Structure formats: C-alpha cells, structure tokens
Amino acid sequence: MARQLWKPSPERLANANLTAFIAETNRRHRLNLADYGQLYDWALEHLADFWEQVWDYGQVVHSKSYSEVVNGLDKMPGAKWFPGARLNYAENLLRYRDDQPAMVFYGESESEPLQITYAELYDQVAKLSAALREMGIQAGDRVAGFMPNLPHTVIALLAASSIGAIWSSCSPDFGFQGVMDRFGQIQPRVLFCADGYFYNGKTYSSLERAAQVARQIKSIEKVVVVPFTTESPDLSLVPNAVGWNDLLDRDFVEPQFAQLPFDHPLYILYSSGTTGVPKCMVHGAGNALLMHIKELALQSNVKREDNLFYFTTCGWMMWNWLISGLALGTTCILFDGSPFYPDSGVLWRMAEKAKVSIFGTSARYLGALENDGYKPREKHDLSNLKAVLSTGSPLSEEGFDFVYRDIKDDLCLSSISGGSDMVGCFVAGNPIGPVYRGHIQARCLGLAVEAWSPEGKPLVGEKGELVCTKPWPTMPIYFWNDPDGAKYRAAYFERYPGVWHHGDFIEITEEGGAIIYGRSDATLNPGGVRIGTAEIYRQVESFEEIADSLVIGQQWHDDVRVVLFVKLNPGVEWGPELEKEIKTAIRVNTTPRHVPAKIVPVEDIPYTISGKKVELAVANVIHGREVKNKDALANPDALDLYAGLEELKK
C-alpha cells in the first residue's frame, strides 16, 4: 500500500475549482458525484457533456457558437471538436484589461523585475498586431520566435494569433542546425529574435545565428530584433531587420481579432529530434485553449489571484501551457537563465519575492537541488506556495520526500506527464485528492488513459503501454508536411489500430493514480522481462555520491544486458565498494533482473534542451549507430564520452 504524504484540508476542498465543477455537474445532470474518481468515470462516459461544461466553465470568448460538441467521437484519429464555432485564441487570453500584473519577468541578474499589467499587455499586443498586418501577415502564415522566455515573446505570440498566424518557437540556446531543422520545415515569414541572452553568468549573442537562419530560410521577410542584452542592438548584422521598439512606436488602434474555426492552427511544436528530423505537430487554437483551461483550472487549481510559475524555455510545451494561464486572469511569472546561477537559491528568492503560489519545474531540477543540499524551507518565506508541479521525467519516491521535507509539508505535489504531441497532460494533479509517495495523482479528466499489455489487454497494478482509447481535443490536428497523414498514423496508431499509443511505460495504481516508468522505447528487456528505467534511477540517485545517472540496454550475445552510467559528485572516487552498494540497493529494492551487468562512471549525462535524458541516443552511440540530430541536445559533447568504451567490450 502506498504511503500517503498529504491530503487537502477541509478549507482547501471547499474552495477548490474542482469542487465547484463537480457541484455544477451534479446540478446540470441531476447526479450525486462525490469525488474525482466518480467525475473521471462520468466524463469518459459522457465526453461531449464534459467538454461542453469545460467550455462553459472557461467562459470561452466566441463570436459564433458550435453546432455540436464533437463530430466523429468513434474516429481515432478524425474527431472534430466544436464544429461551427468561431473564436480567437489571443482574444481569450486578453479578456482581462485591468491593472493586475499579467506577467512579471525575472532574469539571472536578480535586478528589479519587469512587470506588465493586463492593460499594458493589451495595448502592446494591439500595436504589434497592427505592425504585423502592415507587413502583410495573414491567417495561416507562420511566425517564429528564436527567443528567451521574455514578455516580448508572449506579446509576439498573441499578436500573431490575433491575426490567425501560426506561432512556433525555440529557445536561443539551440544551435544553427537545430533551428533549421525546425523552422526550415515550416517556412516562417517573420522571425522574432532577441539580440542575445544570459546564462550561467555569461552573455551570449543571438544575432549571428539569427542572420544565418534568415539568409538560409528564403521565406523570412522580416527579422524583428528585441533589445535584451543591449539597449541598442546593431540591426545591420541581420538581413531585413527591424527593431522591436520601432514597431511599437505607434498610436493605439483596437486590435482586430480574426474569428476563426475552433481548430484553426495555433501552434507548431516539435518532437525532440534526437533520432532524426523533428516531427512538426500542429495544434488547434480552440483545442489548446480548452485543454489548458481544464488542466490549469481543474487539475492545477489555478485562480485569478495566483502567481503561476513554470521553469521552462520557449522550446518546451510547458511554455505554451504556462502562457494559457492568462485566459484565467492569473499572473504568469517568467524566468530566463540558469536555475543555479549565481547559486541554487535563485528560483526560490524569486518565488519568495514574487509570492509564487504554484511552482512548476522538472524532476531533474528537484533532484539537482536535493543533491546540492539546498533546503528552500529553511531559507525562504514560502507561505504563499500551495502547489509544486513536476514534469519532464518521472519524479522518484525520494523526490517526493525531498519536496515535503525540504520545501514545504503543506502543498499539493502534482507530478504530471504528457508531451508536445498533445501540448498537455495524460496524467496530472488532483487538488481535492491525496498525494501518495511516488504516485502521479490522477488520470486527466476527459482522457481515457489505460496501461495495456502487448496484446492490448488493460492492466491495473501492472506495468504496460500508455494508451488513450478515446479522442480528446488536443490530438494534433495534423503534422506539417504530411499531406496524407501517414507520418501521423505511424507515430501513434501503428501499435494498436484505432488507439493512441504514446510510448510511455505506465502503471495505473489501485489508488486511481499512475506511475510512469520512462519511455517504453527505452524500456530494458534482459531475459525478455520488461524493466522501466525509472525503477533503477530511483535507487541510484538516492546515493549522495551520485550526481546523475543513465541506464540503457546493451545487446550482448543473444540477450540484452543492463548498463548503468553514473556521474559522480565532486570529490567522490569510484571503486568496488560503491559499485557493490549500488547493486545491492537495486537488488533489494527492485529485483535481481534490475541489477546492472556493468556500472560505468562518466563525466556527464546527455540531456535534451528541454531537460530529458536521452537513453536512445546513448544506446545508438554504444551500438555504433548514427545520432542524427545532436543540435537537440543541451550538451551534445557528452555523447562523445560513450563512444568506444572499453568497459563495454567485455
């Protein structure tokens, strides 16, 4: 039986958005639903009624109503949501036009934050929208951002979407080829870039790469340069450049919010691209809006008075998720820079100063914070903090312990998991339910998430493939440059026809929650027994000697053997005694099959820019296969450490 770490107080239960939503469901449909589990089950049986209620709850701003909630609910893929409706994503995010802060930006320097009210945001979006229209930008054109996580990036997104242009972004730490692999596929007409960015105490210029991209992608007609690292960037360095301030130096004109179909394209997001050119996943405007309203308000209990923070770059879908908080009138806290410069406390000083109530981050960050010995509760006033969200990789049981011991004991810790494929979550928080050690709280409302055996049998209390058996709004509306949908179907529907196969290894728990064991394509198969990599990480990274680790399956004769790579903390020496302790811990706390055949110390562990370990890329290097796209990695040189290792030849 899992150990309960937290449950909401009666006051929290009474004031939760979910509590009001359940009450409204009962009133509308003459039901007597009492908890999350009952609401979840009802929603799956009445998907149209559920999503219509989310529309009403979110008070979606629209000029024309829908003819039906969903057409083709039996189609997977192929369902059409809210046909007939006409709306604009930007208009929904700009419904508030008062003096409450819409965004507060913090950077590495920890100087005074930049604050923009909802009224100021509306004004600046209106002016930039007018400038884009003067450039000839129309609905369906692509507008790209090679930008830090600045308020300017949000303004550019909203200005583009007010016209119906399709927004796509990646963070400025992408190399030239990484940018080309993404923007080169979608052919944007306008590129937004900052003059540079700050990271780990250093200043980096973006103008040279922006110029390269602008010269290479012939569709780019204008490059809008935002001053960030300098007051007056040298626009002569970039072809067809125009200054941000010059564009906004104009009289205010009421914006024209293009009224477009519910599924009009809003975003193009990308797969990680570590095994080839990234997939370009196109998401609809109303689709993303409705999904995010549901996840923010119901799964995360976001309210207007909240200060919502997520540590993310503009190349990760959590940025898109965070910005949708504007539709709820909340204050979005933005940060750009290293989360460990000048020290481990930078984000927590920001959280205290900004009175952050919902703090989102990655499991990797929480592990690094614990490894560094930093205890936020001892150094900061976190009285406003009511929730911590974690994603990017599975949060270990020890990670749960760290949050409740060293951050705050009275908060809702919501480990969440989904992806850019759906610009949202399959499993996430339940603010009116308990938190169990190592468990994701709940399957998301309106998503028929199951764990399936290889034969397609639903499993409970056992590990299986994460599938979704019914349509939901943020299935990609299509892939870019995939006219017949072949790539789309191959990506998700090849394994189980008519059922979405996501590629995660998951267990649906008896308590109604879930445990993610890592990517199923990285699952280990020694002796034909499937093992999730997260089970090994949970044991290894509890050792204070270990800073990080990565595990793969190596083909060895006629079987697969488990190989564990460990990055040691400074001052730690590798030896037989530590190796024996690690193997013993894995054997005792998991099974003998989990015990690595080899443990190899390495200097670094490779990650994607969005903070995910790249087991497949390392496995490819180990087996002598080409890694096609190193520009997707935050530290591509780390892969070279794994080539030709003598320890793996015996």
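Structure: see above.
First things first, this report covers the structure right here in the doc.

### Topic: the nonpolar core
Turning to step 1, where the next piece is worked out: Ranked by size, the top nonpolar core spans 162 residues in total, and within it Trp51 and Phe192 carry the most contacts.
Turning to step 2, where the next piece is worked out: When residues of this core are assigned to their parent elements, the largest contribution, nine residues, is made by helix H11 (residues 285–299).
Turning to step 3, where the next piece is worked out: Other than its neighbours up to four places away in sequence, phenylalanine 192 contacts Leu128, Leu132, Val143, Ala144, Gly145, Phe146, Met147, Ala156, Trp167, Val224 and Trp244.
Turning to step 4, where the next piece is worked out: Among the nonpolar cores identified, the runner-up in size contains 38 residues, and Ile531, Tyr607, Val621 and Tyr642 belong to it.

### Description of the sheet that holds strand E33 (residues 546–556)
Turning to step 1, where the next piece is worked out: Spatial strand order, E33-E34-E35: three strands in an open sheet with mixed pairing. With one partner strand each, in any of the chains shown, E33 and strand E35 (598–601) form the two edges of the open sheet. Neighbour-to-neighbour, the strand axes of the sheet open up by a mean angle of 25°, direction not taken into account.
Turning to step 2, where the next piece is worked out: Of the strand pairs in this sheet, strand E34 (residues 559–568) and E35 are connected by four bridges, and their pairing is parallel. When the bridges of E35 are listed, leucine 564 appears paired with isoleucine 599.
Turning to step 3, where the next piece is worked out: Of the strands in this sheet, E33 and E34 touch helix H20 (residues 615–622), which is tilted by about 50° from E33.

### Considering the packing of aromatic side chains
Turning to step 1, where the next piece is worked out: Evaluation of the coordinates by the stated rule reveals 38 aromatic pairs.
Turning to step 2, where the next piece is worked out: Ring geometry for tyrosine 122 versus phenylalanine 252: centroids 6.1 Å apart, planes at 45°, classification tilted. Residue tyrosine 122 is located in helix H6 (residues 118–134), and its partner phenylalanine 252 is located in the loop between helix H10 (244–248) and strand E15 (260–261); the two are separated by 130 residues in the primary sequence.
Turning to step 3, where the next piece is worked out: Phenylalanine 252 gets classed as partly exposed once you look at its relative accessible area, which sits at 36%.
Turning to step 4, where the next piece is worked out: For the pair tyrosine 197 and tyrosine 204, a centre-to-centre distance of 5.2 Å together with 15° between the ring planes defines the contact as stacked.
Turning to step 5, where the next piece is worked out: Note on tyrosine 197: relative accessible area 10%, which makes it buried.
Turning to step 6, where the next piece is worked out: Given a relative accessible area of 33%, tyrosine 204 falls into the partly exposed group.
Turning to step 7, where the next piece is worked out: Between lysine 463 and the ring centre of tyrosine 517, over which it is positioned, the NZ or CZ distance is 5.2 Å.
Turning to step 8, where the next piece is worked out: Taking the ring centre of tryptophan 556 as reference, the NZ or CZ of arginine 561 above it sits at 3.6 Å.

### Describing the pattern of salt bridges
Turning to step 1, where the next piece is worked out: Tallied over the entire structure, the rule returns 27 salt bridges.
Turning to step 2, where the next piece is worked out: Between arginine 189 and glutamate 221 there is a salt bridge; the shortest N-O distance is 3.0 Å. Of this pair, arginine 189 sits in the loop between helix H8 (176–186) and strand E10 (190–194) while glutamate 221 sits in the loop between helix H9 (207–216) and strand E13 (222–226), and the two are 32 residues apart along the sequence.
Turning to step 3, where the next piece is worked out: Glutamate 541 serves as the salt-bridge partner of lysine 613, at 2.8 Å between the closest nitrogen and oxygen. In this pair, lysine 613 sits in the loop between E35 and H20 while glutamate 541 sits in the loop between helix H18 (533–540) and E33, placing the two residues 72 residues apart along the sequence.
Turning to step 4, where the next piece is worked out: Each of the salt bridges in this network shares a partner with another, and the network as a whole consists of Arg3, Glu397, Glu398, Asp401 and Arg437.

### Regarding helix H13 (residues 346–354)
Turning to step 1, where the next piece is worked out: Of the residues making up H13, those classed as buried are Val346, Leu347, Trp348, Met350, Ala351 and Ala354.
Turning to step 2, where the next piece is worked out: Note on H13: the residue one or two positions beyond its end, lysine 355, has a positive phi of about 55°.

### Overview of the packing of helix H4 (residues 47–57) against H11
Turning to step 1, where the next piece is worked out: With their axes 10 Å apart at the nearest point, H4 and H11 run at an angle of 75° to one another. In terms of axis orientation, H4 runs roughly perpendicular to H11. On H11, the residues that touch Phe50, Trp51, Val54, Trp55 and Tyr57 of H4 are Leu290, Met291, Lys294, Ala297 and Leu298.
Turning to step 2, where the next piece is worked out: Looking at the contact of H4 with H11 residue by residue, the classes come out as nine nonpolar, no polar and one charged.

### Notes on the sheet that holds strand E27 (residues 449–452)
Turning to step 1, where the next piece is worked out: Spatially, the five strands line up as an open sheet ordered E28-E27-E29-E31-E32, and their pairing is antiparallel. Here the strands that pair on one side only, and so sit at the sheet edges, are strand E28 (458–459) and strand E32 (514–519).
Turning to step 2, where the next piece is worked out: In this structure, E27 lies alongside strand E29 (residues 463–468), joined through four bridges in antiparallel fashion. Of the residues in E29, the one forming a bridge with alanine 451 is leucine 466.

### Quick look at the side chain of asparagine 620
Turning to step 1, where the next piece is worked out: Examined against the element boundaries, asparagine 620 turns out to sit in helix H20.
Turning to step 2, where the next piece is worked out: Taking relative accessible area as the criterion, asparagine 620 reaches 13% and is therefore assigned buried.
Turning to step 3, where the next piece is worked out: If we ignore the near neighbours within four places in the chain, the residues touching asparagine 620 are Arg625, Glu626 and Val627.

### Structural notes on the environment of glutamate 397
Turning to step 1, where the next piece is worked out: Examined against the element boundaries, glutamate 397 turns out to sit in helix H16 (residues 397–407).
Turning to step 2, where the next piece is worked out: Under the relative-accessibility criterion, glutamate 397 is labelled partly exposed at 31%.
Turning to step 3, where the next piece is worked out: Each C-alpha atom of the pair glutamate 397 and alanine 16 lies 26 Å from the other, and the pair is 381 residues apart in sequence.
Turning to step 4, where the next piece is worked out: What glutamate 397 contacts, discounting residues up to four positions off in sequence, is Arg437, Gly438 and Arg538.

### A short note on the environment of phenylalanine 257
Turning to step 1, where the next piece is worked out: Inspection of the secondary structure assignment puts phenylalanine 257 in the loop between H10 and E15.
Turning to step 2, where the next piece is worked out: The buried category is assigned to phenylalanine 257, whose relative accessible area is 13%.
Turning to step 3, where the next piece is worked out: Through-space distance from the C-alpha of phenylalanine 257 to that of alanine 159 is 9.3 Å; in sequence the pair is 98 residues apart.
Turning to step 4, where the next piece is worked out: Non-local contacts of phenylalanine 257, meaning those with residues more than four positions away in its chain, are made with Asn88, Ala90, Glu91, Leu94, Arg97, Tyr122 and Ser162.

Rules and cut-offs
- Residues numbered from 1 in each chain as written.
- Predicted model: local features only at pLDDT ≥ 70, side-chain atom pairs only at ≥ 80, totals over all residues.
- Heavy atoms only, no water.
- Core = buried A, V, L, I, M, F, W, Y, C linked by side-chain atoms within 4.5 Å.
- Buried < 20%, exposed > 50% of the residue type's maximum accessible area, 1.4 Å probe, protein only.
- Helix = DSSP H or I, 4+ residues; strand = E, 2+ residues; numbered from the N terminus.
- Contact = heavy atoms within 4.5 Å.
- Pairing = 2+ DSSP bridges.
- Axes fitted to C-alpha atoms, helices over the stretch in contact; angles between N-to-C directions.
- Phe/Tyr/Trp six-rings, centres within 6.5 Å; stacked < 30°, edge-to-face > 60°.
- Lys NZ or Arg CZ within 6 Å of the ring centre and 35° of its normal.
- Salt bridge = Lys/Arg side-chain N within 4 Å of Asp/Glu carboxyl O.
- Parallel < 35°, antiparallel > 145°, perpendicular 65-115°, else oblique.
- Nonpolar A, V, L, I, M, F, W, Y, C, P; charged D, E, K, R; others polar.

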